[in-house]
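Survey of secondary and tertiary structure
Here is what each chain is made of, one letter per residue.
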Amino acid sequence: QVQVVESGGGLVQPGGSLRLSCAASGTIFSIYPMGWYRQAPGKQRELVATMPRGGSPNYVPSVKGRFTISRDNAKNTLYLQMNSLKPEDTAVYYCKARGAANPLTHPSDYWGQGTQVTVSS
């Protein structure tokens, strides 16, 4: 059983900040959160930022310089600090985790339920 739980969304005014958290857990060999995605109404889900375990952060150009992805390995938690928020950042934000049932199994992706971020005055 795998759980991927996001938190931290909400309503914020343009120019404001929010910090999202994603905690991953499960009774499998390994599971870790590795990226944030978002889906606005009527649009496809898109990559926001990823941070592979042991790798460098990667951001979509529209959030570079405003968003920062980070990881707490002890808590197996991924964060997304979002500053200078814009109305176009409004979306449901999803966390993707990657895990494997055992050392010989190819990793699979697991998704959280999403957290709503609304940027509006």
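The structure contained in this document is the topic of the report that follows. (Residues numbered from 1 in each chain as written. Predicted model: local features only at pLDDT ≥ 70, side-chain atom pairs only at ≥ 80, totals over all residues. Heavy atoms only, no water.)

1. Considering the pairing of strand 5 (residues 46–50)
In the sheet, strand 4 (residues 30–39) pairs with strand 5 via four bridges, with the strands oriented antiparallel. Looking at strand 5, one finds that tyrosine 37 is bridged to leucine 47. Between strand 4 and strand 5, which follow one another and run antiparallel, lie six residues, and glycine 42 among them has a positive phi close to 80°. Of the pairings in the sheet, the one linking strand 5 to strand 6 (residues 58–59) comprises two bridges and is antiparallel in character. When the bridges of strand 6 are listed, threonine 50 appears paired with asparagine 58. (Pairing = 2+ DSSP bridges. Helix = DSSP H or I, 4+ residues; strand = E, 2+ residues; numbered from the N terminus.)

2. Quick notes on the pairing of strand 11 (residues 115–119)
What you see with strand 11 is a clean split: Thr115, Val117 and Val119 sit on the buried side and Gln116 and Thr118 on the side with no burial. Across three bridges, strand 2 (residues 10–12) lies against strand 11 in parallel orientation. Across the sheet, the residue bridging to valine 12 is valine 119, located in strand 11. In terms of strand pairing, strand 9 (residues 91–100) meets strand 11 through three bridges, oriented antiparallel. (Buried < 20%, exposed > 50% of the residue type's maximum accessible area, 1.4 Å probe, protein only.)

3. Let's talk about the pattern of salt bridges
For the structure shown, the criterion picks out five salt bridges. With a closest N to O distance of 2.7 Å, glutamate 46 and arginine 38 form a salt bridge. By relative accessible area, which is 34% here, glutamate 46 ends up partly exposed. Since its relative accessible area comes to 5%, arginine 38 is described here as buried. Across the pair lysine 96 and aspartate 109 runs a salt bridge, and its minimum N-O distance is 3.6 Å. Of this pair, lysine 96 sits in strand 9 while aspartate 109 is found in strand 10 (residues 108–111), placing the two residues 13 residues apart along the sequence. The class of lysine 96 is buried, set by a relative accessible area of 9%. Relative accessible area serves as the criterion here: at 37%, aspartate 109 is assigned to the partly exposed category. Salt bridges linked by common partners bring Arg38, Glu46, Arg66 and Asp89 together as one network. (Salt bridge = Lys/Arg side-chain N within 4 Å of Asp/Glu carboxyl O.)

Read these as layout, nothing more, since geometry by itself doesn't imply function.
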